[in-house]
Amino acid sequence: MAARHIGFIGGGNMAGSLVAGLLGSGFAPSRVRVADIDADKLARLVADHGVAAADGEQQIGADCDLIVLAVKPQSMEAACAALRPALAGRAPLIVSVAAGVTLARIARWLGPSLPIVRCMPNTPALIGAGAAGLYANANTSAEHRCEVEELMNTVGLCAWCGRESDLDIVTALSGSGPAYFFLFMEAMRDAATKMGLDAALAETLTCQTALGAARLAQAQAEEAGGPDLAELRARVTSPGGTTEAAINRFERDGFRELVDAALAAAAGRARELATSNG
Ligand SMILES: NC(=O)c1ccc[n+]([C@@H]2O[C@H](COP(=O)([O-])OP(=O)(O)OC[C@H]3O[C@@H](n4cnc5c(N)ncnc54)[C@H](OP(=O)(O)O)[C@@H]3O)[C@@H](O)[C@H]2O)c1
């Protein structure tokens, strides 16, 4: 990566997975600085990864050419206020992973001329299988955007959105998406258990089925340049068979309409949060 030093403000779950991803990709721990107001969390990250503990936001602002804002949305304004004085005369690349905090607000807190990228990651980043949406402000260069891609690719895949408002849809899709799959898996496990299958066996088979389905879709995507999900489904749905019986029931009882409404609710809530946050 082009950045000589990468700084994290907030050393929690998301920063931890990005640090692990960065170091796993060969980035030297001595080039990573982390600031966190929670001394225990900071000490753990330093002990786990051998990165440097920064003495607050000011040191990150002074030392780093790529700064990741990885605090909770409600802590962003205070973190930016503490960082801003150290940015006078500097223009490090800023990457925010805070859900619902707009580029306009970050620029208001940090300064109007900074290159800033908003990123909506998801929890599978913790195991290197994340999916993130990105959107950059007009101060970013192609090099900046490459650098953010390199960073986010260390914890999964990432893709650029055409408009900042697309991040609300990304939040509803991949940001919240892991929970939808967990809900569906819970429901499958419980249905099989109710029919009499041993609960532990139902859980094992549910998890492996989810993994297998995702891996099949991924393998087909690699082969064909994109998975044809309808085709994958059709292949396991023989006419008059068991899968068809279940799929027909899903379709008849409005499964797709329910998914439409659920994602619309999540995107609406993301918009509301972004608006209420200014
Ligand atoms: N976790 C995910 O999978 C995920 C997914 C999508 C987006 N995100 C976004 O990622 C961001 C971080 O989430 P997280 O789950 O990693 O949060 P987290 O585990 O709570 O980590 C944030 C850390 O930052 C610390 N902090 C707060 N204010 C600070 C400041 N001014 N300077 C330095 N440190 C400060 C917090 O301390 P205190 O706890 O004492 O406040 C906490 O230790 C959030 O904005 C979230 O929206 C996370």
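Right above here is the structure, for reference.
Bear in mind the structure is a predicted one, so any value in this text is a computation, not a measurement.

1. Overview of the site of the ligand
Stage number 1. Met 14, Asp 36, Glu 57, Val 71 and Val 97 are the nearest of the 25 residues found near the ligand.
Stage number 2. Backbone polar atom of Val 71 to an oxygen atom of the ligand: 2.5 Å apart, as the coordinates give it.
Stage number 3. Within the complex, the protein chains bury 82% of what would otherwise be the 890 Å² of accessible surface of the ligand.
Stage number 4. Taken together, the residues that form the shell around the ligand break down as 13 nonpolar, 7 polar and 5 charged.

2. Structural notes on helix 6 (residues 142–153)
Stage number 1. An ideal rise of 1.5 Å per residue puts 16 Å on 12 residues; helix 6 measures up with 16 Å between its terminal C-alpha atoms.
Stage number 2. The complete set of buried residues in helix 6 reads His 144, Glu 147, Val 148, Leu 151 and Met 152. All buried residues of helix 6 lie within an arc of 130° about the axis, which places them on one face of the element.
Stage number 3. Buried residues along helix 6 sit in contact with helix 1 (13–24), strand 4 (66–69), strand 5 (93–96), strand 6 (116–120), strand 7 (130–136) and strand 8 (156–160).

3. Details of the nonpolar core
Stage number 1. With 32 residues, the main nonpolar core has Ile 6, Phe 8, Val 32, Leu 66, Val 68 and Met 152 as its most contacted residues.
Stage number 2. Apart from the residues within four sequence positions on either side, Val 68 is in contact with Ile 6, Gly 7, Phe 8, Ile 9, Leu 18, Val 95, Val 97 and Leu 151.
Stage number 3. Ile 9, Met 76, Leu 83 and Ile 94 belong to the second-largest nonpolar core, a separate cluster that totals 23 residues.

4. Some thoughts on the packing of aromatic side chains
Stage number 1. This model, assessed by the stated rule, comprises 3 aromatic pairs.
Stage number 2. With a centroid separation of 5.9 Å and 40° between ring planes, the pair formed by Phe 184 and Phe 250 is classed as tilted. With Phe 184 in helix 8 (residues 177–194) and Phe 250 in helix 11 (residues 242–252), this pair connects stretches of sequence that are 66 residues apart.
Stage number 3. Classification of Phe 250 as partly exposed rests on a relative accessible area of 38%.
Stage number 4. A centroid spacing of 6.1 Å and a plane angle of 55° characterise the contact between Phe 184 and Phe 255, whose relative ring orientation is tilted. A residue pair is termed long-range when its members are at least 10 positions apart, and Phe 184 in helix 8 and Phe 255 in helix 12 (residues 255–276) qualify at 71 residues.
Stage number 5. Joined through ring pairs, the aromatic side chains of Phe 184, Phe 250 and Phe 255 make up one cluster.
Stage number 6. The ring of Phe 27 has Arg 31 lying over it, and the distance from NZ or CZ to the ring centre is 4.0 Å.

Conventions used here
- Throughout, a residue's number is its position along its own chain's written sequence, starting from 1.
- pLDDT decides what is reported in this predicted model: residues at 70 or higher carry local features, side-chain atom pairs at 80 or more are listed and counted, and totals for whole chains, interfaces and linings draw on all residues regardless.
- Only hydrogens and water are set aside when side-chain values are computed; all heavy atoms of the structure are taken into account.
- We call a residue near a molecule or strand when any one of its heavy atoms sits within 4 Å of it.
- In protein, a polar contact means a hydrogen-donor-capable atom and an acceptor-capable atom, both N or O and within 3.5 Å, with residues adjacent in sequence counting only if both atoms are side-chain atoms; elsewhere, any N or O pair within 3.5 Å suffices.
- For the area figures, the Shrake-Rupley method with a 1.4 Å probe applies, and any residue is considered shielded solely by the protein chains shown.
- Classification convention: Asp, Glu, Lys, Arg as charged; Ala, Val, Leu, Ile, Met, Phe, Trp, Tyr, Cys, Pro as nonpolar; all other residues, Gly among them, as polar.
- Numbering goes from the N terminus for both helices and strands, where a helix is a DSSP run of H or I of at least four residues and a strand is a run of E of at least two.
- The span one expects for a helix is its residue count, reduced by one, times 1.5 Å.
- To sort residues, take the accessible area from a 1.4 Å probe on protein chains only and compare it with the maximum for the residue type: under 20% means buried, over 50% means exposed, and anything in between is partly exposed.
- The arc in question is traced by the directions running from the helix axis to the C-beta atoms.
- The contact rule is simple, with two residues in contact once any of their heavy atoms fall within 4.5 Å.
- What is meant by a nonpolar core is a set of buried Ala, Val, Leu, Ile, Met, Phe, Trp, Tyr and Cys residues, joined one to another through side-chain atoms within 4.5 Å.
- Pairing of aromatic side chains requires ring centres within 6.5 Å, counting the rings of Phe and Tyr and the six-membered ring of Trp. Pairs whose planes differ by under 30 degrees are stacked, by over 60 edge-to-face, and all others tilted.
- Lysine NZ or arginine CZ positioned within 6 Å of the ring centre and within 35 degrees of the ring normal marks a charge as sitting over the ring.

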